[in-house]
Amino acid sequence: MERFSSPEAACRSLALEIAALVREKPDARLGLPTGRTPIPLYRELARLHREEGLSFARACSFNLDEYLGLAADDARSFRAFMREHFFAQVDFEPRNVHFPNVAGEPEREARAYAQELRAAGGLDLALLGLGRNGHVGFNEPGSGRDSSARVVELADQTRADAAVAFGGLANVPVRAITLGLAEILEARAIRMLAFGAAKSEVVRRMLLEPASQACPASLLRGHADLALLLDEGASTGLPR
Ligand code: GLP
């Protein structure tokens, strides 16, 4: 666990680590999260691309998850979010950018997504946010270490947290496709970001309570190369 003075400082540090990885291994495979948390990270990576020549031209991305039930061009989809906050600003080849296909039969597409990632060789680096109920990607409470990419029902709290973005709870999708904890745990390295006082309780549970499916993020603790990057607000529940 590392504590930073601000989300921007944490994201600068993580962006430098990602840049070093991509310079050493230009075809690195990155697992990417959505949400408010990684926005400063994507901004900093875009700056490194623009000002310091960091190139993602051979890199590969696998987004963690995507809502089911939205139109392909819906501005609230994670695909649209990623285009706006990251892909439009950097030089990924479109063929190297991966999302679960939400147009087909969902269970089959979830299995195909896991297979696609496996065939590519798995993730070099999984970047993660953290849901207030301990979810990772959309691995909601009850998800086990060996859960693979699949269709999930979103938890009430997760839907409530997304309500503003969807203009009301009734509009929030009820299902999604997510990579499982199994694919995430197979990543060579895992870096999780959590910022703000609203995350302090779940950070405390993740790190200090016995690992359990009730807090899926806690199941990542056994990984050999996991780092959690926090700001002051998110770390208030931890001993100093
Ligand atoms: C979403 C995503 C997660 C993300 C989480 C936290 O539901 N599926 O991958 O980590 O919510 O979002 P935020 O960063 O906005 O707090």
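Please refer to the structure higher up on the page.
Residues numbered from 1 in each chain as written. Predicted model: local features only at pLDDT ≥ 70, side-chain atom pairs only at ≥ 80, totals over all residues. Heavy atoms only, no water.

## Focus: the site of the ligand
At step 1: Taken together, Thr34, Gly35, Arg36, Thr37, Asp65, Phe78, Gly129, Leu130, His135, Gly137, Phe138 and Lys199 make up the full set of residues near the ligand.
At step 2: The separation between a nitrogen atom of the ligand and a polar side-chain atom of Asp65 is 2.8 Å.
At step 3: Contact distances for the ligand include 2.7 Å between an oxygen atom and a side-chain N or O atom of Lys199.
At step 4: Here the ligand, which alone exposes 390 Å², has 88% of that area covered by the protein.
At step 5: Residue composition of the shell around the ligand, by class: three nonpolar, six polar and three charged. (Near = heavy atom within 4 Å. Polar contact = N/O pair within 3.5 Å; in protein donor to acceptor, adjacent residues only side chain to side chain. Areas by Shrake-Rupley, 256 points an atom, 1.4 Å probe, with all protein chains shown as cover. Nonpolar A, V, L, I, M, F, W, Y, C, P; charged D, E, K, R; others polar.)

## Things to note about the pattern of salt bridges
At step 1: Enumeration over the complete set of coordinates arrives at 16 salt bridges.
At step 2: Asp27 is the salt-bridge partner of Lys25, the closest N and O atoms lying 3.7 Å from each other.
At step 3: Given the relative accessible area of 25%, Lys25 is considered partly exposed.
At step 4: For Asp27, a relative accessible area of 34% translates into the label partly exposed. (Salt bridge = Lys/Arg side-chain N within 4 Å of Asp/Glu carboxyl O. Buried < 20%, exposed > 50% of the residue type's maximum accessible area, 1.4 Å probe, protein only.)

## Section: the environment of Ala112
At step 1: In this fold, Ala112 is placed in helix α4 (residues 106-120).
At step 2: The class of Ala112 is partly exposed, set by a relative accessible area of 36%.
At step 3: As a C-alpha pair, Ala112 and Ala149 span 37 residues in sequence and 8.7 Å in three-dimensional space. (Helix = DSSP H or I, 4+ residues; strand = E, 2+ residues; numbered from the N terminus.)

## Some remarks on the packing of aromatic side chains
At step 1: Scanning all chains against the criterion turns up twelve aromatic pairs.
At step 2: Here the aromatic rings of Phe86 and Phe87 are separated by 5.6 Å at their centres, their planes lie at 40 degrees, and the arrangement is tilted.
At step 3: With a relative accessible area of 1%, Phe86 lands in the buried category.
At step 4: On the numbers, 6.4 Å between centres and 80 degrees between planes, the contact of Phe87 with Phe99 is edge-to-face. With Phe87 in the loop between α3 (78-85) and β5 (97-98) and Phe99 in the loop between β5 and α4, this pair connects stretches of sequence that are twelve residues apart.
At step 5: Classification of Phe87 as buried rests on a relative accessible area of 14%.
At step 6: Three or more aromatic residues joined by ring pairs form one cluster here, namely Tyr42, Phe56, Phe86, Phe87, Phe92 and Phe99. (Phe/Tyr/Trp six-rings, centres within 6.5 Å; stacked < 30°, edge-to-face > 60°.)

## Here's the deal with α4
At step 1: Here α4 is 15 residues long and its end C-alpha atoms lie 21 Å apart, about the 21 Å a rise of 1.5 Å per residue gives.
At step 2: Those residues of α4 that fall on the buried side of the exposure criterion are Pro106, Glu109, Ala110, Tyr113, Ala114 and Leu117. Viewed along the axis of α4, the buried residues span an arc of 145 degrees, placing them on a single side of the element. Pointing more than 90 degrees away from the buried face of α4 are the exposed residues Arg111, Arg118 and Ala119.
At step 3: Buried residues in α4 make contact with β3 (60-63), β5, β7 (150-153), β8 (175-178) and α6 (181-185).
At step 4: At the exit of α4 stands Gly121, carrying a positive phi of roughly 110 degrees. (Expected span 1.5 Å × (residues − 1). Arc of directions from axis to C-beta. Contact = heavy atoms within 4.5 Å.)

## Notes on the sheet that holds β3
At step 1: In space, the seven strands of this open sheet follow the order β1-β10-β9-β6-β2-β3-β5, with parallel pairing throughout. Each edge of the sheet is formed by a strand with only one pairing partner; in this case those strands are β1 (2-3) and β5.
At step 2: Pairing of β3 with β5 involves two bridges; the strand directions are parallel. Each residue of the ladder has a partner; that of Phe62, found in β5, is His98.
At step 3: Most of the contacts of α4 go to β3, to which it runs at about 155 degrees, and overall it touches β2 (29-32), β3 and β5. (Pairing = 2+ DSSP bridges. Axes fitted to C-alpha atoms, helices over the stretch in contact; angles between N-to-C directions.)

## Some points on the sheet that holds strand β4 (residues 65-67)
What holds strands together in a sheet is hydrogen bonding between their backbones, with the strands either parallel or antiparallel.
At step 1: If you walk across this open sheet you meet the three strands as β4-β8-β7, and the pairing is antiparallel. On the outer flanks of this sheet lie β4 and β7, each paired with one strand and no other. Strand-to-strand twist in this sheet, taken as the mean axis angle between neighbours without regard to direction, amounts to 30 degrees.
At step 2: As judged from the three bridges shared by β4 and β8, these two strands associate in the antiparallel manner. Each residue of the ladder has a partner; that of Tyr67, found in β8, is Ala176.

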